[in-house]
Amino acid sequence: YWGQDSYGIANPNDTVDWQQPISYYCNDDTIDTIPIASLNKFFGTGGLPSINLGNSCSNTAFNGTSMPNCTALGADIEACQAAGKIVTISLGGADGTVGFLNDSQAEAFAQTVWDLFLEGSSADRPFGSAVLDGVDLDIESGNQTGYATFVTSLRALMDKGSKQYYITAAPQCPYPDTFMSTALSTVAFDAVYVQFYNNYCDLTNYSNPKAWDFGTWDNWAKTVSPNPDVKVYLGAPASPSAATYGYVNASTLATIIQQTRGQYSSFGGVMLWDASTAYANSRYDVAVKNVLTAGGTATATPMSTGTSAATTTTANTTARATATATSTVCFGVSAWSRTIAYWGGDQVTYNGQLWSAKWWTYDDVPGGEFTGNISWTPR
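Every value quoted in this text rests on a predicted model; they were computed, and no experiment measured them.

Quick notes on the rules
- Residues numbered from 1 in each chain as written.
- Predicted model: local features only at pLDDT ≥ 70, side-chain atom pairs only at ≥ 80, totals over all residues.
- Heavy atoms only, no water.
- Pairing = 2+ DSSP bridges.
- Helix = DSSP H or I, 4+ residues; strand = E, 2+ residues; numbered from the N terminus.
- Contact = heavy atoms within 4.5 Å.
- Axes fitted to C-alpha atoms, helices over the stretch in contact; angles between N-to-C directions.
- Polar contact = N/O pair within 3.5 Å; in protein donor to acceptor, adjacent residues only side chain to side chain.
- Buried < 20%, exposed > 50% of the residue type's maximum accessible area, 1.4 Å probe, protein only.
- Phe/Tyr/Trp six-rings, centres within 6.5 Å; stacked < 30°, edge-to-face > 60°.
- Lys NZ or Arg CZ within 6 Å of the ring centre and 35° of its normal.
- Core = buried A, V, L, I, M, F, W, Y, C linked by side-chain atoms within 4.5 Å.

Observations concerning the sheet that holds strand S6 (residues 191-195)
Then comes step 1: The mixed open sheet is built from eight strands, whose spatial order is S2-S1-S3-S4-S5-S6-S7-S8. Looking along the sheet, the strands with just one partner apiece sit at the ends: strand S2 (50-51) and strand S8 (267-273).
Then comes step 2: Across the face of the sheet, helix H4 (residues 147-159) comes into contact with strand S3 (86-93), strand S4 (134-139) and strand S5 (166-169) while running at roughly 170° to S4.

What follows is the structure, given as C-alpha cells:
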C-alpha cells in the first residue's frame, strides 16, 4: 500500500525516509501492485467521496466538493503503469467513514468510482486523465449493507471497459470478516490481501494452530468464493511501527512464506503495509520478493460477471479452544462473557437462551447487532 506515509507518522523527525511520490516505488521490479490508500470517505461535500493521501497531496478540493485536486499525481501513476505495475484505489482504511444505506446507493457509488478513477468521465477526477487498474476494499467499520451490490455493479462496468481491471479486498484475518463476509461469499474478487496483524491470528502466532488461520482462508478460496481462481495474499506489517502487533523480521516471514506457499494452493503472494516503512526498514520488500521469486508464486486471474456461485459450506481448520467462565447455567454451559474468545462449536447461554458459536468470535453479543447475528446460532 502507498499513500498514508506510515513511516512518517511514526517517525515525524526523520523526514529523509518519509513517504516519497508513488513513482519512486516503481523504479525496480520489487513491487507488482500498489493500492493507493485511501478513499477514506464515501460521501463528502457535494455527495462526492474524498481521498486522504498523507503527505502526498494536500491540495485544495474541487469546487463544491471535498475531493482534493491531486491531478499532479496522474503522471506518476501512469509512469508506474508503464513500468508494468498495477495501481488501484483502496476504499476505506482504519479511519474510513464508509458504508451504504441500501443497495441502490451502493450501485450509484459504483458509477461514481468508475467516473472518478477508472474509465468514466467527471470534472472532479482527482488524478486527472490517469485511469487506475481497479479497486480495493479495505473496509474496517460500518456494516455489510450494499457491498455485494457495489462489487457486482462495478464489475459490470469493468467488463465493458477497454482494459483488464481488478477487484480486491483486505479483510482482517479472523474468519469470517466482520464487514465483508457477505460480499466475499457471494461475489467474485480477484484476490484478498488478508491482514495477518493486529488480531489474534497475526504472524507472531504462526506456530499456534489455535490462532493461525491461513488454512481457513484457503478453504474459503476453494469452497466459498464464487471465483475458483481467487488468490489469498499474506498481509504483513513492513516494520514494527506499521502495526500495533503482528510484525516479524524478514527471516521469520521468509519461513512463513515458504511453508504457507507449499501447503496452500490459493497462496498468491504477500501484501505489505506500507511502502514507506518497507523502504525504511532495510528494504523489507526486497527481502520478501527474494523469497517469492526463489520459488515462484501464483498470480490473480481477473474475473468476469459470468462466474457461477459456489457452495457456502465451509470447514473449520483451526483447533478448538476451551472457554471457562465463573457463572454457569443450563446444565453446566457457561454464560457468555465479553472477555472470552470462542471457537466454532462452543456453547454459551445468554438471556436465558442457549447459543452455539459458528466460528471464532470475540465480543460479539449472541443475537446482537452486526456480527452477533451471524456469529451465533440459537439452540
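Quick word on the environment of Asp 115
Then comes step 1: Residue position: Asp 115 is located in helix H3 (residues 103-117).
Then comes step 2: The spatial distance from the C-alpha of Asp 115 to the C-alpha of Arg 125 is 7.6 Å, given a sequence separation of 10 residues.

So, the side chain of Gln 19
Then comes step 1: For Gln 19, the position within the fold is in the loop between helix H1 (6-10) and strand S1 (33-41).
Then comes step 2: At 2.8 Å, the side chain of Gln 19 and the backbone nitrogen of Gly 3 are in polar contact.
Then comes step 3: Within the structure, Gln 19 has its side chain in polar contact with the side chain of Asn 55 (distance 3.0 Å).
Then comes step 4: Setting aside residues up to four positions removed in sequence, Gln 19 forms contacts with Trp 2, Gly 3, Gln 4, Asp 5, Tyr 25, Leu 53, Asn 55, Ser 56, Asp 274 and Ser 276.

Regarding helix H6 (residues 214-223)
Then comes step 1: Most of H6 sits out of view: eight of its 10 residues are buried.
Then comes step 2: What H6 keeps buried is the set Phe 214, Gly 215, Thr 216, Trp 217, Asp 218, Asn 219, Trp 220 and Ala 221.
Then comes step 3: Packing partners of the buried residues in H6 comprise helix H5 (181-186), S6, strand S7 (231-237), helix H7 (250-263) and S8.

Considerations on the packing of aromatic side chains
Then comes step 1: One pass over the structure, following the stated rule, counts 27 aromatic pairs.
Then comes step 2: The interplanar angle of 40° and the centroid separation of 5.7 Å between the aromatic rings of Phe 109 and Phe 150 together place this pair among those described as tilted. Here the residue Phe 109 occupies a position in helix H3, and Phe 150 occupies one in helix H4, the gap between them amounting to 41 residues. For the pair formed by Phe 109 and Phe 150, the shared burial category is buried.
Then comes step 3: By way of ring pairs, the aromatic residues Phe 42, Phe 43, Phe 100, Phe 109, Tyr 147 and Phe 150 are connected into one cluster.
Then comes step 4: The ring of Tyr 279 has Arg 283 sitting right over it, with the charged end atom 3.8 Å from the ring centre.

Regarding the nonpolar core
Then comes step 1: Ranked by internal contacts, the top residues of the largest apolar core, which has 89 residues, are Ile 36, Phe 117, Phe 127, Phe 150, Phe 189, Trp 220 and Leu 234.
Then comes step 2: Considering every element that reaches this core, the biggest residue donor is H3, with seven residues.
Then comes step 3: Once residues within four sequence positions are removed from consideration, Phe 117 is found in contact with Leu 39, Ile 51, Met 67, Ile 89, Arg 125, Pro 126, Phe 127, Ala 130, Val 131 and Leu 132.

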